[in-house]
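Residue-level structural notes
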Amino acid sequence: MTFRTVLALGASMLALGCAQTPDTDTSSATPIEDTSQTAETDAAPVDIETYPAALFHQTTSYGLGSSSGYVFSADDGDILASTDASGIYNAVTLSDTGAVTPLTHSNEDAIYAQSFFPNDDRVLLTSDGGGDEIFHVYVREEDGTLRDLTPGDEVRASVVGWRGDGEVFYVQTNERDAQTNDLYAYQTDDYSREMIFQNDGKDIAAISPNGRWLALMKERTNADSNIFLVDLFADSPQEQLVTEHEGDIAYGVYDFTADSETLIYATNEYGEFNQAWTYHLASGQRSSLIEADWDVSYVFDSPTGRYLVSAINNDALTELSILDNQTGETVALSNIPDGEVGQVRFNRDESQIAFGVNTDTSPFNLYLADLETGAATRLTSALPTDIDESDLVTAEIVRYESFDGVKIPSVFYMPKQASAENPVPALVWVHGGPGGQTTRGYSATIQHLVNHGYAVLGANNRGSSGYGKTFFHMDDQNHGESDLQDIVYGREYLEGVEGIDPDKIGIIGGSYGGFMVAAALAFEPEVFDVGVNIFGVTNWLRTLESIPPWWGSFRDALYDEMGDPAEDEERLRRISPLFHADQITKPLLVIQGANDPRVLQVESDELVEAARANGATVEYVLFPDEGHGFQKRENRITASEAYVDFLNQYLKGETPAEVADISPASSGD
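From a predicted model like this one, the values you see are computed outputs, not experimental measurements.

Let's talk about the packing of aromatic side chains
Tallied over the entire structure, the rule returns 24 aromatic pairs. When the ring of Tyr-270 is compared with that of Trp-277, the centres are 4.6 Å apart and the planes differ by 20°; the resulting orientation is stacked. Overall, Tyr-270 belongs to the partly exposed group, its relative accessible area being 44%. Residues Tyr-400 and Tyr-493 carry aromatic rings whose centres are separated by 5.4 Å and whose planes lie at 20° to one another, so their mutual orientation is stacked. A residue pair is termed long-range when its members are at least 10 positions apart, and Tyr-400 in strand β29 (residues 396-401) and Tyr-493 in helix α4 (residues 482-495) qualify at 93 residues. No difference in accessibility class separates Tyr-400 from Tyr-493, as the two residues are buried. Taken together, Tyr-70, Phe-117, Trp-162, Phe-169, Tyr-186 and Tyr-191 form an aromatic cluster joined through their ring pairs. In this arrangement the basic side chain of Arg-193 is found over the ring face of Tyr-184, its NZ or CZ atom lying 4.0 Å from the centre. Lying across the ring of Phe-228, Lys-202 places its NZ or CZ 4.7 Å from the centre.

So, the pairing of strand β18 (residues 262-267)
The element β18 is extensively covered by neighbouring structure, given that six of its six residues are classed as buried. Side chains Thr-262, Ile-264 and Ala-266 project from β18 onto one buried face, and the interleaved Leu-263, Tyr-265 and Thr-267 project onto a second face that is buried too. The pairing of strand β17 (residues 251-256) with β18 spans five bridges and is classified as antiparallel. Along β18, the bridge assignment pairs Val-253 with Tyr-265. Hairpin connection of β17 to β18: five residues between the antiparallel strands, including Ser-260 at a positive phi of 65°.

Section: the environment of Ser-465
Structurally, the position occupied by Ser-465 is in the loop between β32 (455-459) and α3 (469-472). With 149 residues separating them along the chain, Ser-465 and Ala-316 place their C-alpha atoms 9.6 Å apart. Not counting chain neighbours up to four residues away, the residues in contact with Ser-465 comprise Gly-435, Gly-436, Gln-437 and Phe-472. A distance of 3.0 Å separates a polar side-chain atom of Ser-465 from the backbone oxygen of Gly-435.

Details of the environment of Met-217
Within the element layout of this structure, Met-217 appears in strand β14 (residues 213-221). According to the relative accessible area criterion, Met-217 is buried, its value standing at 7%. Along the backbone, Met-217 and Ile-227 are ten residues apart, and their C-alpha atoms lie at a distance of 4.8 Å. Contact partners of Met-217, with chain neighbours within four places excluded, come to Lys-202, Asp-203, Ala-205, Ser-225, Asn-226, Ile-227, Tyr-251, Gly-252 and Val-253.

With respect to the side chain of Glu-561
Counting through the fold element by element, Glu-561 comes out in helix α7 (residues 555-562). The buried category is assigned to Glu-561, whose relative accessible area is 1%. A polar contact of 3.1 Å, which involves the side chain of Glu-561, links it to the side chain of His-479.

Regarding a negative patch on the surface
Taken together, Asp-75, Asp-78, Asp-96, Asp-121, Glu-142 and Asp-143 make up a surface patch of like negative charges. Of note, Asp-75 is situated in the loop between β1 (62-64) and β2 (79-83).

Quick look at helix α5 (residues 512-523)
When the terminal C-alpha atoms of α5 are compared, their 16 Å separation across twelve residues agrees well with the 16 Å that a helix rising 1.5 Å per residue should span. For α5, the buried fraction is high: eleven of the twelve residues fall into the buried class. Those residues of α5 lying buried are Tyr-512, Gly-513, Gly-514, Phe-515, Met-516, Val-517, Ala-518, Ala-519, Ala-520, Leu-521 and Ala-522.

Cut-offs applied
- Residues numbered from 1 in each chain as written.
- Predicted model: local features only at pLDDT ≥ 70, side-chain atom pairs only at ≥ 80, totals over all residues.
- Heavy atoms only, no water.
- Phe/Tyr/Trp six-rings, centres within 6.5 Å; stacked < 30°, edge-to-face > 60°.
- Buried < 20%, exposed > 50% of the residue type's maximum accessible area, 1.4 Å probe, protein only.
- Helix = DSSP H or I, 4+ residues; strand = E, 2+ residues; numbered from the N terminus.
- Lys NZ or Arg CZ within 6 Å of the ring centre and 35° of its normal.
- Pairing = 2+ DSSP bridges.
- Contact = heavy atoms within 4.5 Å.
- Polar contact = N/O pair within 3.5 Å; in protein donor to acceptor, adjacent residues only side chain to side chain.
- Patch = residues over 30% accessible without salt bridge, like charges linked within 9 Å, V, L, I, M, F, W, Y side chains within 5 Å.
- Areas by Shrake-Rupley, 256 points an atom, 1.4 Å probe, with all protein chains shown as cover.
- Salt bridge = Lys/Arg side-chain N within 4 Å of Asp/Glu carboxyl O.
- Lys, Arg positive; Asp, Glu negative; His and termini not counted.
- Charge placed at Lys NZ, Arg CZ, Asp CG, Glu CD.
- Expected span 1.5 Å × (residues − 1).

Function-wise, these values are silent; they only describe arrangement.
So this is what it looks like as structure tokens:
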């Protein structure tokens, strides 16, 4: 469910501040309580081993197949997953003992597992080209061959789900109109297909298990949206608005219930946070389902409807609950560490679940649990054995005051080496967006930085999601201004934390966070000592004019938030760092993917050129085979090494280490 268009980071860019795996079980997770609101430091530094970037990124990432698909094989013997064990994501299966069997063997383009077929070992997959986000849907046949179901150079497609009887699966593609997605029903036996809904620009949100009801979303502004329903069994299907309202209310679709009788949807009509409500399809009756003092992140039924899975975003840590509707009891999982429990997937008879657990100091590991007892068995070991987990740092939730008294919630990592006698440099980390959130959980990049002696403050500036709609909209058409001051005041906060060197504080961020890095160095040139800009927007006029065609349905909402380049040229030019690069004087590292469709390479090229012309020290790393987020492990390692080498030289002031300068001229791009 999406309430705001974001220049979000790719799924493989695990380090840069967008929530990646939203789920945690309240029976097992114990988030750190925010009592003092101020970071604390041990009295004496702890002697730990430091590790190279390669070790942190040699963690093996796992992801289970789609929640709307068949993750367990037809005989419940294997579990479908994606993993980057080879250095790039490929599809695999895991046995109940954790034994891994590769299904694909790509070395170039990441491949993501979606679903088994209902009655055999065929698999639905998705893959794009070098991070260009032009995803196609493939079938892996039982003999291992791949078949592209959505061919075409500019065709972008995704799997929507399965009909309950398993005879049809649904795919959306933009082949007819690049700016919208039509819905196709594919036959399981021969892949013949039929367009069952021609879209006029809305977002396909969910289809009911019986294939009758289609839920659509339409964002009117970044604060106001609607839900439509279509009866696909009608002689002449028509869109029915089911959220008629006045004023600004954001609605979103969670899912249909297993019996196809009810839509579960989100609304912030009744308070600051998104609540879960139900809409009965036959009667139109609405009822409250889940209310909390935080956003309800998602809700869905198990395939038979026996279990209800839901989660809330509790102060940057997602808490999950699995309710057994038969007994009225919550399933209590055991034998798992404290952390976020996510990606819950049921086997065919709903006697078991596969899921993952993510902590600050250990990557997402997959588990298998019996639903009768809750006892879980770990299937994977994601953290390399060469890393002692006790050397890694658990995050702390803190808050600090900005220029106008607004409290800025933040995720803080203090190196174990730090003390009053041994102060360390620090970084303000800015997440992607606009509208993202820095959350708890393992980040190879952050842990590498902290392990090498850099404190990291993941600031959730005004405009971040997760803290209520008032906070969320505080930066509307005010980007690079008030929200930038929140980041500036992050430095002021860090200066007062015992164990941090107040004279060595930099800024780092990706995507929208990269924009904030460039904006800080251009508009507040004396505040931060260095900046690391990871594929950040530098020219809002160009970025808004070059929105990818598949973002067509979000254009109005994004323009409402950021401004229309045709009408707001003066303001957008004023907040774009490129036009003020002559003020950049502090050392700057820029990281960019050449295939990025969201923040074009030219954004970084021009900023680097302009800052260098001003005499600033600028290092530039360009990856010719990456997009908006780095899918290949070797590139993630190169990027992390570049961050630490650059910071060691220009923030710590150590003997210069060579930082790769892969500029467009030298890379051939």
